[in-house]
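Observations on the three-dimensional arrangement
One letter stands for each residue in the lines below.
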Amino acid sequence: MDDYSWADIYPALVQYLQENRHTPAEVINFVNLFIYYEFADHAIDDPIAFVSYLYCMVDMDRYWDEAGELFDGLAIRILTTGKLVDPMENPYYSPLKDERIVSGIAHWKERLRISGCADPQI
């Protein structure tokens with residue numbers, strides 16, 4: 001991946017996620033690899049939309065034990081990198097209590113419903 005810039009990698013990652021990762025297990029695996037390759041250290045064009053999409057695809061009420069801390073950690077890192085969250089000012093920040101993320105999840109659910117996609121949390 002050293003041969004490609006982040007500007008080339010990120011759009012390909014998002015396209016891969018949206019076109020090929022449809023089950024919670026697949027999205028959780030994507031998040032694990034996103035963390036493993038340290039992609040969260042890079043600025044993301046629209047971090048709220050990206051984080052919201054991940055949460056939309058994996059119902060934390062059902063998958064918290066498997067992925068809750070993983071997703072929260074990634075979300076906080078992405079939002080911190082994007083200067084949208086400061087853990088020093090808000091050490092108890094929770095992405096799923098952030099109205100921007102909650103609204104983003106609702107947006108993605110509606111968008112997926114309109115596009116004819118099945119419930120993303122199957």
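Just above, that's the structure.
What counts as what
Residues numbered from 1 in each chain as written. Predicted model: local features only at pLDDT ≥ 70, side-chain atom pairs only at ≥ 80, totals over all residues. Heavy atoms only, no water. Helix = DSSP H or I, 4+ residues; strand = E, 2+ residues; numbered from the N terminus. Buried < 20%, exposed > 50% of the residue type's maximum accessible area, 1.4 Å probe, protein only. Lys, Arg positive; Asp, Glu negative; His and termini not counted. Salt bridge = Lys/Arg side-chain N within 4 Å of Asp/Glu carboxyl O. Polar contact = N/O pair within 3.5 Å; in protein donor to acceptor, adjacent residues only side chain to side chain. Contact = heavy atoms within 4.5 Å. Axes fitted to C-alpha atoms, helices over the stretch in contact; angles between N-to-C directions. Parallel < 35°, antiparallel > 145°, perpendicular 65-115°, else oblique. Left-handed = near helix turned anticlockwise from the far one by under 90°. Nonpolar A, V, L, I, M, F, W, Y, C, P; charged D, E, K, R; others polar. Phe/Tyr/Trp six-rings, centres within 6.5 Å; stacked < 30°, edge-to-face > 60°.

1. A few points about the side chain of R21
Within the secondary structure layout, R21 lies in the loop between α1 (6–20) and α2 (24–36). Despite its burial, R21 pairs with no opposite charge, the nearest such side chain being E26 at 4.5 Å. Among the polar contacts listed, one links the side chain of R21 to the side chain of Y16, at a separation of 3.1 Å. R21 has contacts with Y16, E26, V27, F30 and M57, leaving out every residue within four places of it along the chain.

2. Notes on unusual backbone geometry
For E38, which is not glycine, the phi torsion reads 60 degrees and is therefore positive. Considering the arrangement of structural elements, one finds E38 in the loop between α2 and α3 (47–57). Take E38: its relative accessible area is 52%, and that puts it in the exposed class. Residues other than glycine seldom take positive phi values, yet K83 does so here, at roughly 60 degrees. Mapped onto the elements, K83 comes out in the loop between α4 (60–81) and α5 (99–114).

3. So, the packing of α1 against α2
Here α1 crosses α2 at 165 degrees, and the two axes come no closer than 10 Å. Here α2 runs roughly antiparallel to α1, going by the angle between their axes. Here α1 and α2 pass one another in a crossing that is right-handed. Contacts between α1 and α2 involve W6, L13, Y16, L17 and N20 from the first element and E26, V27, F30 and F34 from the second. Of the residues in the contact of α1 with α2, the class split is 7 nonpolar, 1 polar and 1 charged.

4. As for the packing of aromatic side chains
This model, assessed by the stated rule, comprises 10 aromatic pairs. Members of the aromatic cluster, each reached through a chain of ring pairs, are W6, Y10, F30, F34, Y36, Y37, F39 and F50.

As far as function goes, none of this settles anything; it's purely spatial.
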